[in-house]
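This is what each chain is made of:
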Amino acid sequence: MKVEKVMVVGAGQMGSGIAQVCAQAGYIVLLNDLKPEFVERGLGVINKNLSRNVEKGRMTEEQKQAVLDRITVSTDLQDAAEVDLVIEAAVENLEVKSNIFAQLDKMAPAHAILASNTSSLPITEIAAATNRPDKVIGMHFMNPVPVMKLVEIIRGLATSDEVYQVIEDMTKSLSKVPVEVNDFPGFVSNRVLMPMINEAIYTLYEGVATKEAIDEVMKLGMNHPMGPLTLADFIGLDTCLYIMETLHEGFGDDKYRPCPLLRKYVKAGWLGRKTGRGFYVYE
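Residues numbered from 1 in each chain as written. Predicted model: local features only at pLDDT ≥ 70, side-chain atom pairs only at ≥ 80, totals over all residues. Heavy atoms only, no water.

In this section: the domain arrangement of the chain. Here the domain parsing of the chain yields domain 1 (5-182) and domain 2 (188-274). Computed from C-alpha atoms alone, the centre-to-centre distance between domain 1 and domain 2 is 27 Å. Contacts between the two partners involve 12 residues from domain 1, matched on the other side by 7 residues from domain 2. In total, domain 1 and domain 2 occlude about 750 Å² of area from one another, counting both sides; carbon and sulfur atoms represent 56% of this. Inspection of the region where domain 1 meets domain 2 yields 0 salt bridges. (Domains from an automatic or database assignment. Contact = heavy atoms within 4.5 Å. Buried area = accessible area lost by both parts, 1.4 Å probe. Salt bridge = Lys/Arg side-chain N within 4 Å of Asp/Glu carboxyl O.)

Here it is in structure tokens:
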């Protein structure tokens, strides 16, 4: 099976990035979201990213326009009727994702693969909402998508070898590095990363050190490009909390218990960069 036409469901930070890299690799892309303004905002982000590449001499104005010409906007899931692959990048919520997959299962052609960009939720459970669990797979891109090389490819219980191979090959065509992962809560990336971030929040909560000191220790002592609290703000504290809750529930182990300070910040609406305030204040 050959992938030529891709639908990306969700035009937020992750979805717009996925649409961009797919269009840059020559795929025809449908960028879908609930409202026209959401899709237009996502398209604006892509345009901005590509313009930056032109300014830096990484691509010409003609190449930029060719990428944009390969992207069509959509606000109707029925548009999945003619695609070979759907990559869902909606909110990190199992009920929402399962509902989207149940709808896509009815609308997408029989050969189409349904992939989820979930960062922690069980692919097997998402696949159970469809009548094609063998064609459901996880494609977890890293943020920011145009820059980060890794894609975790997650097999559900029923994912076929053929589907895995198609997605692995397609990932390589995006100039990304695919890594195969089995279907456990948090996969590899967030099972390792999120408890570290959560522990950094506990370190702040318990008054061991200031937020600046914690971030400096990890940057200068462990050679991390940014400190865990800065990274949490970048990811979104609501997303961090949701992933920790998924790990806690999935494994039933108290080592994954979200720090009370993380809960407090999320309840206060301090979600990080996207709201202008998290552990740090942003203009």
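Read on for the rest.
Its 12 residues place the ends of helix α1 (residues 13-24) 17 Å apart at the C-alpha level, agreeing with the 16 Å of an ideal helix rising 1.5 Å per residue. The buried fraction of α1 amounts to 10 of the 12 residues, a majority that puts the element mostly inside the structure. Restricting attention to buried positions, one finds in α1 the residues Met 14, Gly 15, Ser 16, Gly 17, Ile 18, Ala 19, Gln 20, Val 21, Cys 22 and Ala 23. Phi turns positive, to about 100°, at Gly 26, one or two residues after α1. (Helix = DSSP H or I, 4+ residues; strand = E, 2+ residues; numbered from the N terminus. Expected span 1.5 Å × (residues − 1). Buried < 20%, exposed > 50% of the residue type's maximum accessible area, 1.4 Å probe, protein only.)

UniProt's feature table lists "site: Important for catalytic activity" (unreviewed entry) at His 140, given in the numbering used throughout. With respect to the helices and strands, the residue His 140 is situated in strand β6 (residues 136-141). Overall, His 140 belongs to the buried group, its relative accessible area being 6%. What His 140 contacts, discounting residues up to four positions off in sequence, is Ser 116, Asn 117, Thr 118, Ser 119, Leu 150, Val 151, Glu 152, Ile 154, Phe 187, Ser 189 and Asn 190. In this structure the side chain of His 140 is engaged in a polar contact, spanning 2.8 Å, whose partner is the side chain of Glu 152. (UniProt positions renumbered as here; feature names shortened; annotations may be inferred. Polar contact = N/O pair within 3.5 Å; in protein donor to acceptor, adjacent residues only side chain to side chain.)

Turning our eyes to something else, we now look at the pattern of salt bridges. Following the criterion strictly, the structure yields 14 salt bridges and no others. With a closest N to O distance of 3.7 Å, Glu 61 and Lys 64 form a salt bridge. Of the two residues, Glu 61 and Lys 64 both sit in helix α3 (residues 61-69), 3 residues apart, roughly one turn of that helix. A salt bridge links Glu 245 to Arg 263; its shortest N-O distance comes to 2.7 Å. One end of the pair, Glu 245, is in helix α10 (residues 237-251); the other, Arg 263, is in helix α11 (residues 260-267), with 18 residues separating them in the sequence. Since its relative accessible area comes to 29%, Glu 245 is described here as partly exposed. One network of salt bridges, with partners in common, ties together Glu 88, Glu 92 and Lys 97.

Bringing the pairing of strand β7 (residues 150-155) into the picture now. Most of β7 sits out of view: 5 of its 6 residues are buried. With 5 bridges joining them, β6 and β7 adopt antiparallel strand pairing. Its bridge partner being in β7, Phe 141 is matched across the sheet by Val 151. Note: β7 against strand β8 (residues 177-182), 6 bridges, orientation parallel. For Val 151, the partnering residue across the bridge sits in β8 and is Pro 178. Following the chain from β7 across helix α6 (residues 161-173) to the adjacent parallel β8, one finds a crossover that is right-handed. (Pairing = 2+ DSSP bridges. Right-handed = clockwise from strand over helix to strand, strands pointing away.)

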